[in-house]
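# Reading the structure
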Amino acid sequence: HVTIPLVTTNRINDPAVAEKVLADGHADMVSMARPLLADPHFVLKAEEDRADEINTCIACNQACLDHTFQGITAACLVNPYACHETKLVSKPTAAVKSIAVV
């Protein structure tokens, strides 16, 4: 048992898990990094009870940590906009198309 505030982190990528850690008294705060790359609206969606809409971090480390260790801009395999928000700009298409992904 420690007497100073305790922050926990790593592989907590679900708001229900974070809430349980806090409710059970295992930590005073939950820290997240990769889950916020995967979905920058994670906290808002959790607050609005829309956890089912969160784009979940898969902990692959391929684009976030690996890129960081290589000295290149971090990215995220489940969120192509992460760290590229000003380079990848979405806008409505001029012509609607039906497509299939196989």
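Preceding block: the structure.
The text that follows walks through the structure, step by step, so that each part is easy to find. Model, not experiment: these values are computed from the prediction. (Residues numbered from 1 in each chain as written. Predicted model: local features only at pLDDT ≥ 70, side-chain atom pairs only at ≥ 80, totals over all residues. Heavy atoms only, no water.)

## A short note on empty space enclosed by the protein
Per the counting criterion, the structure on display carries 1 cavity of 30 Å³ or more. By volume, the largest cavity amounts to about 80 Å³. Along the walls of the largest cavity sit 13 residues, with Cys57, Cys60, Cys64, Cys76 and Leu77 positioned nearest its centre. Residues belonging to the lining of the largest cavity are distributed by class as follows: 11 nonpolar, 1 polar and 1 charged. (1 Å grid on protein atoms, 1.4 Å probe; cavity = no way out; pocket = protein on both sides within 12 Å on 5 of 7 lines; lining within 4 Å. Points joined across faces, edges and corners; volume = space filled by probe spheres on them. Nonpolar A, V, L, I, M, F, W, Y, C, P; charged D, E, K, R; others polar.)

## Some words on the pattern of salt bridges
Enumeration according to the criterion identifies 4 salt bridges in this entry. With a closest N to O distance of 2.7 Å, Asp39 and Lys45 form a salt bridge. Lys45 matches Asp39 in its accessibility class, with the two residues each being buried. Of the charged contacts in the structure, one is a salt bridge between Glu48 and Arg50, with a shortest N-O distance of 2.9 Å. Salt bridges sharing partners connect three or more residues here, namely Glu48, Arg50 and Glu53. (Salt bridge = Lys/Arg side-chain N within 4 Å of Asp/Glu carboxyl O. Buried < 20%, exposed > 50% of the residue type's maximum accessible area, 1.4 Å probe, protein only.)

## Describing the layout of surface pockets
Here the largest pocket defines a volume of roughly 230 Å³. Along its surface, the largest pocket is lined by Pro15, Ala18, Glu19, Leu22, Val30, Met32, Leu36, Phe42, Val43 and Ala46. Listed by contribution, the elements that provide at least two residues to the lining of the largest pocket are helix H1 (15-23) and helix H3 (42-47). No other element matches the 4 residues that H1 contributes to the lining of the largest pocket. (Helix = DSSP H or I, 4+ residues; strand = E, 2+ residues; numbered from the N terminus.)

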